[in-house]
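# Structural characterization, general
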Amino acid sequence: MQAEFTQIFIYLALAYTIDGFFMSASRRMRLPDFMAHILTGVVLGGIALLYSKFFGDGTPSFVVNKFVAFLSYFGLILFLMQLGFSFDPKFSRIDNDRRAPQVVVFILLNIIFLGLIGYFGLTGGGFKGTILLIIAFLSINIGALLTSNFPIDPELKRPVTNLIQTAVIIDLFAILVFSIMEQFRFWGEFNDGSVRNMIAYGFILLMFLLLVFIPERLTLLFGWTERLIGQFTTVFKIGLFFIFLFAGLKLGVSILLLGIWGGMVFRNFAGENRFDVAERTFALSSFLYILPFVQIGQMLILHWEEYVLFWQHLAYILMGLILVSMIFGLIFLKAQRYAKLLAMAVFARGELSLIILWLGNRVDYIDDKLFIVAVVAVLASGLIGKVLFLKPFKSQAAA
């Protein structure tokens, strides 16, 4: 126990030392941060392979440490909580005559092309694996569009804002579908006769769901506790929040949904001091955000096997993404002034795609081979998306 706990610090020392160099390079090149974290994992995986080759002791225990895996999940929850904390439901409303068709058409194109490619070309008729690929590749990496061209030209603010809002709605849809998929898996494996416990956990989650949408009740509750225990109401809030996480995990709620939901609950708990709370809490915990992506990078090396069809399957996925983006742009060519910008913006994939692939691989929706080729496809799409927007927006949008 003590030896495994000690190894966490070896792992973290290597991860953050290596990541510092990659982060510096990625910021100078205006690449997404997750690419730096994945490269860090690749280097860590390479170190592990060299160690096992020269010392013959197998994979070093600090690389496959169970405490590191726990920290990775914890880092993922905190990352999602920050998204949920800053999420504004008004931003995801489909109240625009262009946004609704864009969302529906993009989802349908992904189902058609990536579904066909996944079912017949990648999974060999595997239904769960195909569904996971469709869900994962729904998420658009709008950062590829924004990082090289900030600040946005005033003329393009409206179409870019529409794109961002479209991406948010699609991300929420992907999270919801993956969460439903996970819920079916949980109930399929559920063999505990204690139904009363499940009802109790469901009731707890229902209460927290109401607290998200009826924050004034929270104000009354915490006003009463402040009169009773004063400044230690903060400790009481933390306790309630952990009850929420416990109940959600016991009911099999997906980490994706639980993290974003938890961020919204945490924001309401923070009340009027939410900005100060966010700055203190997420700034302190942000050092854990890199760990899920480092784990993904490690898997690219440690789980690599001789894969004869690797390049062929990679080409299949990239071809699917190209077809989706091209047809998406062509559909809106007449109705949308910036059809070329629209088509290129929906090509790149990013963090959420990687997270869904990682979580899906952990529960065997896809095997290691397909996981690796899908991750490489996400990275390749991000790099290609970066190249597509090297020129200023105006020249891209002119056509």
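Okay, so let's go over this structure.

Conventions and cut-offs
- Residues numbered from 1 in each chain as written.
- Predicted model: local features only at pLDDT ≥ 70, side-chain atom pairs only at ≥ 80, totals over all residues.
- Heavy atoms only, no water.
- Helix = DSSP H or I, 4+ residues; strand = E, 2+ residues; numbered from the N terminus.
- Contact = heavy atoms within 4.5 Å.
- Areas by Shrake-Rupley, 256 points an atom, 1.4 Å probe, with all protein chains shown as cover.
- 1 Å grid on protein atoms, 1.4 Å probe; cavity = no way out; pocket = protein on both sides within 12 Å on 5 of 7 lines; lining within 4 Å.
- Points joined across faces, edges and corners; volume = space filled by probe spheres on them.
- Nonpolar A, V, L, I, M, F, W, Y, C, P; charged D, E, K, R; others polar.
- Patch = residues over 30% accessible without salt bridge, like charges linked within 9 Å, V, L, I, M, F, W, Y side chains within 5 Å.
- Salt bridge = Lys/Arg side-chain N within 4 Å of Asp/Glu carboxyl O.
- Expected span 1.5 Å × (residues − 1).
- Core = buried A, V, L, I, M, F, W, Y, C linked by side-chain atoms within 4.5 Å.
- Buried < 20%, exposed > 50% of the residue type's maximum accessible area, 1.4 Å probe, protein only.

The next point concerns the overall build of the protein. Looking only at helices and strands, the protein features 18 helices and zero strands. The long-range fraction of contacts in the protein, counting pairs at least 24 apart against all pairs at least 6 apart in sequence, stands at 81%. Accessible surface for the protein amounts to roughly 20000 Å². Of this, 68% is attributable to carbon and sulfur atoms.

This paragraph deals with empty space enclosed by the protein. Applying the stated rule across the entire model yields one cavity of 30 Å³ or more. When its volume is computed, the largest cavity comes out at roughly 30 Å³. Along the walls of the largest cavity sit Leu114, Leu122, Leu133, Ile134, Phe137 and Ile317, which together make up its complete lining. Listing elements by their share of the lining of the largest cavity, those giving two or more residues are helix H4 (99-122) and helix H5 (127-136). Of the residues contributing to the lining of the largest cavity, the split by class is six nonpolar, no polar and no charged.

The next point concerns a nonpolar patch on the surface. Side chains of Val104, Leu108, Ile111, Ile112, Leu116, Tyr119 and Phe120 sit close together on the surface and give an oily, nonpolar patch of about 670 Å² of accessible area. Note on placement: Leu108 falls in helix H4.

On to helix H16 (residues 351-362), then. Under the 1.5 Å per step criterion, the end-to-end length of H16 is 17 Å for 12 residues, consistent within 8% with the ideal 16 Å. Asp364 sits one or two positions beyond H16 and adopts a positive phi of about 70°.

This brings us to the nonpolar core. Among the nonpolar cores identified, the biggest contains 114 residues, and Phe137, Leu256, Ile356, Leu357 and Phe371 are the most heavily contacted of them. Beyond its immediate stretch of four places on either side in the chain, Phe371 contacts Ile296, Met299, Leu357, Trp358, Asn361 and Ile366.

Following the criterion strictly, the structure yields two salt bridges and no others. The salt bridge involving Arg27 is made with Asp33; its shortest N-O contact spans 2.8 Å. Given a relative accessible area of 52%, Arg27 falls into the exposed group. A relative accessible area of 27% places Asp33 in the partly exposed class. With its nearest N and O atoms 2.9 Å apart, the salt bridge here joins Glu182 to Arg185. Here Glu182 and its partner Arg185 are both found in helix H7 (residues 157-189), three residues apart, which amounts to about one turn of the helix. We classify Arg185 as partly exposed; its relative accessible area is 24%.

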